[in-house]
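For reference, the chains in residue letters:
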Amino acid sequence: MHTLKVSEVMWNHIEPIRCGEPLTNVVKTLLTNHVTGLPVVDAQRRVLGFVSEQDCIHALLVSNYHSEGEPNVDDVMFRNPVTVNPDTSVVDLAQNLGAGKPKVYPVVEDGKLVGVVTRSAILAQLAKAGQTMERSRFASAED
């Protein structure tokens, strides 16, 4: 388990959010992919920010209330997101997770986005490792 890397549990099938994207499109992407947030990238896939459901809720609420027109992702994204490297150990990342920390981490290699890793993916791997350890602990000599 300690040798399991982020690259082995990350998702790389979700297209990131592009700068300038209307917030309603961002919401559709989040809901379609069942994630709470996604990185915002430029044309070269460099991570420029991160947008979460919470960011979208607040911005759309204010926008609708004041009839100010549709905001875009640049208006609401967090500009200094925490990123991880694909070679980071899942155990090391899990030890750094805590209350208030991101639920989704952009995975960056050579300055470019290569995927995202979620808390739930890490949790699933930890639970899977726990089941494997439980079975091996009760395995008989005949197994």
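Residues numbered from 1 in each chain as written. Predicted model: local features only at pLDDT ≥ 70, side-chain atom pairs only at ≥ 80, totals over all residues. Heavy atoms only, no water.

## A few points about the pattern of salt bridges
At step 1: The tally for this structure, following the rule as stated, stands at three salt bridges.
At step 2: Between Glu15 and Arg18 there is a salt bridge whose closest N-O contact spans 3.1 Å.
At step 3: Classification of Arg18 by relative accessible area gives partly exposed; the value is 30%.
At step 4: The exposure class of Glu15 is partly exposed, given its relative accessible area of 47%.
At step 5: Members of the salt-bridge network, linked through shared partners, are Glu15, Arg18 and Arg45. (Salt bridge = Lys/Arg side-chain N within 4 Å of Asp/Glu carboxyl O. Buried < 20%, exposed > 50% of the residue type's maximum accessible area, 1.4 Å probe, protein only.)

## Comments concerning the packing of helix α1 (residues 23–33) against helix α2 (residues 53–66)
At step 1: Contact pair α1 / α2: the axes reach a minimum separation of 10 Å and the direction vectors enclose 145°. Two packed elements cross with a definite hand, and for α1 against α2 that hand is left-handed. Across from Leu23, Val26, Val27 and Leu30 in α1, the residues of α2 making contact are Glu53, Cys56, Ala59 and Leu60.
At step 2: Across the contact of α1 with α2, the residue classes break down as seven nonpolar, no polar and one charged. (Axes fitted to C-alpha atoms, helices over the stretch in contact; angles between N-to-C directions. Helix = DSSP H or I, 4+ residues; strand = E, 2+ residues; numbered from the N terminus. Left-handed = near helix turned anticlockwise from the far one by under 90°. Contact = heavy atoms within 4.5 Å. Nonpolar A, V, L, I, M, F, W, Y, C, P; charged D, E, K, R; others polar.)

## Concerning α1
At step 1: Every buried residue of α1 is listed here: Leu23, Val26 and Leu30. Taken down its axis, α1 places every buried residue within 50° of arc, on the same side. Across from the buried face of α1, at angles greater than 90 degrees, the exposed residues are Lys28, Leu31 and Thr32.
At step 2: Buried residues along α1 sit against β1 (17–18), β2 (37–41), β3 (47–52), α2 and α3 (73–76). (Arc of directions from axis to C-beta.)

## Examining the confidence of the model for the protein chain
At step 1: Scored by pLDDT, the protein chain comes out at a mean of 87, with 87% of its residues at no less than 70.
At step 2: When the criterion is pLDDT under 50, residues 133–138 qualifies, and its contacts beyond four places in sequence or with other chains add up to zero contacts. (pLDDT = per-residue confidence, 0-100.)

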